[in-house]
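# Chain and residue survey
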Amino acid sequence: MSGLTDRWRRSADRLSGGLLRVALRLGGGGAAALVVARLHDVHDPGSLCMLRRFTGIPCPGCGSTTVFIEAGHGHWSAALAANPVTVVVALGLLVAPLGPGRWWWQLPDRKRNLLIGTALTVAWVWELCRFGIIHP
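Below or above, wherever it landed, is the structure these notes cover.

### A few points about helix H6 (residues 84–95)
With twelve residues, H6 should cover 16 Å at 1.5 Å per step; its first-to-last C-alpha distance of 17 Å lies within 8% of that length. Buried-residue contacts for H6 involve helix H2 (15–42), helix H4 (64–72), helix H5 (76–82) and helix H8 (109–130).

Encoded structure:
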């Protein structure tokens, strides 16, 4: 088994290995989106966010499940409207094996934290506007 693991690790630096990883992530993410969409069709549990459920105020991650539900139904614009930051992060994770992942980990901690904080702030403002709590 270690031979297969070693070959997998060595392939990470080749374009073919990166493309294989992207294909596997795309297949896994697509399958997950289809399953989540189907489960939601069968049983809609309502809001999964505890902050939104108890206060009515969405968190920065609100809409992330909706992104996958809408993607699973093939409604790409609705997925993007639910939480564009989640879409950007998902695309970044998808293509990470082609180079962006290495770029991310080479950033100093301070810059990574600033990017994460900015993304969370943008996502939260988006959700607050989306739910009509603030008006631009």
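### A word on the packing of H2 against H6
Running from N to C, H2 and H6 point in directions that differ by 140°, and their axes come no closer than 8 Å. By the angle between their axes, H2 is oblique relative to H6. Along its contact with H2, which presents Val22, Arg25 and Leu26, the element H6 presents Leu93, Leu94 and Val95.

### Some remarks on the layout of surface pockets
Taken as a whole, the largest pocket spans an internal volume of roughly 550 Å³. No other element matches H6, which puts six residues into the lining of the largest pocket. Of the residues in the lining of the largest pocket, the class split is 15 nonpolar, six polar and no charged.

Quick notes on the rules
- Residues numbered from 1 in each chain as written.
- Predicted model: local features only at pLDDT ≥ 70, side-chain atom pairs only at ≥ 80, totals over all residues.
- Heavy atoms only, no water.
- Helix = DSSP H or I, 4+ residues; strand = E, 2+ residues; numbered from the N terminus.
- Expected span 1.5 Å × (residues − 1).
- Contact = heavy atoms within 4.5 Å.
- Axes fitted to C-alpha atoms, helices over the stretch in contact; angles between N-to-C directions.
- Parallel < 35°, antiparallel > 145°, perpendicular 65-115°, else oblique.
- 1 Å grid on protein atoms, 1.4 Å probe; cavity = no way out; pocket = protein on both sides within 12 Å on 5 of 7 lines; lining within 4 Å.
- Points joined across faces, edges and corners; volume = space filled by probe spheres on them.
- Nonpolar A, V, L, I, M, F, W, Y, C, P; charged D, E, K, R; others polar.

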